[in-house]
Amino acid sequence: MLPEIDEGDWRVLGPFSFIDRIAEVKKNESLTAFYTLKGSEEFLKDHFEGFPVMPGVLLLETLIQAASELLILSENRRGDFFRLVSAEEVKFGQFIRPESELKIFVRLLKKEDRFRSFEGRIDWVNGLESSLSKKALTAHVTLEPVGK
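Notes on the structure follow. (Residues numbered from 1 in each chain as written. Predicted model: local features only at pLDDT ≥ 70, side-chain atom pairs only at ≥ 80, totals over all residues. Heavy atoms only, no water.)

## Thoughts on the pairing of strand S6 (residues 133–145)
Moving on, step 1. Direction of pairing for strand S3 (residues 82–92) relative to S6: antiparallel, over a ladder of eight bridges. When the sheet's bridge partners are listed, Phe 82 is paired in S6 with Pro 145.
Moving on, step 2. The pairing of strand S5 (residues 115–125) with S6 spans ten bridges and is antiparallel. Pairing of Ser 117 across the sheet is with Thr 142, part of S6. (Pairing = 2+ DSSP bridges. Helix = DSSP H or I, 4+ residues; strand = E, 2+ residues; numbered from the N terminus.)

The structure is reproduced here in structure tokens:
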């Protein structure tokens, strides 16, 4: 059974969460999730005037949150937080405008001591099941637990 993420259920980073729904979890392997940029988000007011788009750093944050959620669900780490150690091969693509649906995919590549390395991709899609998608971000990230 896949976990539901309801409004007010902020498992990753409180109300700063960029994951609306988890579609698939393969423990210790991969996670697929979705997020809809509604258009009412505060950060859109200044980024950019007349052409609001989701900032690239928040796309990267979205990928980090998905990777963290995979760790929480795979390693029974509810209540733990993870920090970014490195981001490599970060490539941006499609601008993400209000009312866009994002498909977020992360795959666990390596576990080494406290560190977990992932590859990830975020696509803009015309609906949850659309085969027409455009790359918004690809990256390799490494995370470690905070404070343990």
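## Comments concerning the sheet that holds S3
Moving on, step 1. With antiparallel pairing, the six strands of this open sheet are ordered in space as S1-S2-S4-S5-S6-S3. Each edge of the sheet is formed by a strand with only one pairing partner; in this case those strands are strand S1 (21–26) and S3. In this sheet, adjacent strand axes meet at a mean angle of 20° when their direction is disregarded.
Moving on, step 2. The strands touched by helix H1 (residues 56–74) within the sheet are S1, strand S2 (30–37), S3, strand S4 (100–112), S5 and S6, with S6 carrying the most contacts at an inclination of about 55°. (Axes fitted to C-alpha atoms, helices over the stretch in contact; angles between N-to-C directions. Contact = heavy atoms within 4.5 Å.)

## As for the packing of aromatic side chains
Moving on, step 1. Within the structure shown, the criterion is met by four aromatic pairs.
Moving on, step 2. Seen in terms of ring centroids, Phe 18 and Phe 43 are 6.0 Å apart; in terms of plane orientation they differ by 70°. Their pairing is edge-to-face. A residue pair is termed long-range when its members are at least 10 positions apart, and Phe 18 in the segment before S1 and Phe 43 in the loop between S2 and H1 qualify at 25 residues.
Moving on, step 3. By relative accessible area, Phe 18 is classed as buried at 3%.
Moving on, step 4. Taking 5.3 Å as the distance between ring centres and 90° as the angle between the ring planes, the aromatic pair formed by Phe 51 and Phe 95 counts as edge-to-face. Linking Phe 51 in the loop between S2 and H1 with Phe 95 in the loop between S3 and S4, this pair joins segments that are 44 residues apart in sequence.
Moving on, step 5. Owing to a relative accessible area of 36%, Phe 51 belongs among the partly exposed residues under this scheme. (Phe/Tyr/Trp six-rings, centres within 6.5 Å; stacked < 30°, edge-to-face > 60°. Buried < 20%, exposed > 50% of the residue type's maximum accessible area, 1.4 Å probe, protein only.)

## Examining the pattern of salt bridges
Moving on, step 1. Overall, the coordinates contain eleven salt bridges when judged by the stated rule.
Moving on, step 2. The partner of Glu 75 in a salt bridge is Arg 77, with the nearest N and O atoms 3.2 Å apart.
Moving on, step 3. Here Arg 77 falls in the buried class, since its relative accessible area comes to 17%.
Moving on, step 4. For the salt bridge of Glu 144 with Arg 114, the shortest nitrogen-to-oxygen distance reads 3.4 Å. Separated by 30 residues along the polypeptide, Glu 144 in strand S6 and Arg 114 in the loop between S4 and S5 bring together distant segments of the chain. (Salt bridge = Lys/Arg side-chain N within 4 Å of Asp/Glu carboxyl O.)

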